[in-house]
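# Understanding the architecture of this molecule
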Amino acid sequence: NDLVWTTKRLGAFIEAACLSEEEVEVLNDWADRRSPAWTAEHRSMSESKVGKLRTKIRRKYDVVQLEYPEIFPPRNRE
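Residues numbered from 1 in each chain as written. Predicted model: local features only at pLDDT ≥ 70, side-chain atom pairs only at ≥ 80, totals over all residues. Heavy atoms only, no water.

## A look at helix 1 (residues 7-17)
- Residues of helix 1 that are buried include every one of Arg-9, Leu-10, Phe-13 and Ala-17, and no others. Relative to the axis of helix 1, the buried residues are bounded by an arc of 100° and lie together on one face. Residues Thr-7, Lys-8 and Glu-15 are exposed on helix 1 and point more than 90 degrees away from its buried face.
- In this structure, the buried residues of helix 1 make contact with helix 2 (21-31) and helix 4 (47-67).
- At the exit of helix 1 stands Cys-18, carrying a positive phi of roughly 50°. (Buried < 20%, exposed > 50% of the residue type's maximum accessible area, 1.4 Å probe, protein only. Helix = DSSP H or I, 4+ residues; strand = E, 2+ residues; numbered from the N terminus. Arc of directions from axis to C-beta. Contact = heavy atoms within 4.5 Å.)

Below, the structure is given as structure tokens:
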């Protein structure tokens, strides 16, 4: 997982990134370590859509991280 979440960081990111409702659902599942398949099944989405939403979340994180590096550490890109 290239993004590490705390409750405080998660809430701050959702607010700072202006996430859509679907992005928030995917992010919350991701933060809870749910698989893309689990999210797709329980959110009535395709796995492809979940993957695209995760990519959008990563991009938004990168933008927010540059603005607020004291709150959001750089992603682990290993």
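The rest of the description comes next.
## Let's talk about unusual backbone geometry
- With a phi angle near 50°, Cys-18 is a residue other than glycine that sits in the positive phi range.
- Tracing the backbone shows Cys-18 in the loop between helix 1 and helix 2.
- The backbone phi angle of Arg-33 is positive, close to 65°, even though this residue is not glycine.
- Assignment of secondary structure puts Arg-33 in the loop between helix 2 and helix 3 (36-42).

## Brief notes about the packing of aromatic side chains
- Within this structure, the stated rule accounts for 5 aromatic pairs.
- The interplanar angle of 85° and the centroid separation of 5.7 Å between the aromatic rings of Trp-5 and Tyr-61 together place this pair among those described as edge-to-face. Taken together, the positions of Trp-5 in the segment before helix 1 and Tyr-61 in helix 4 put the pair 56 residues apart, joining distant regions of the chain.
- What makes Trp-5 buried here is its relative accessible area of 16%.
- Where Phe-13 meets Phe-72, the ring centres are 6.1 Å apart and the plane angle is 75°; that geometry is what we call edge-to-face. (Phe/Tyr/Trp six-rings, centres within 6.5 Å; stacked < 30°, edge-to-face > 60°.)

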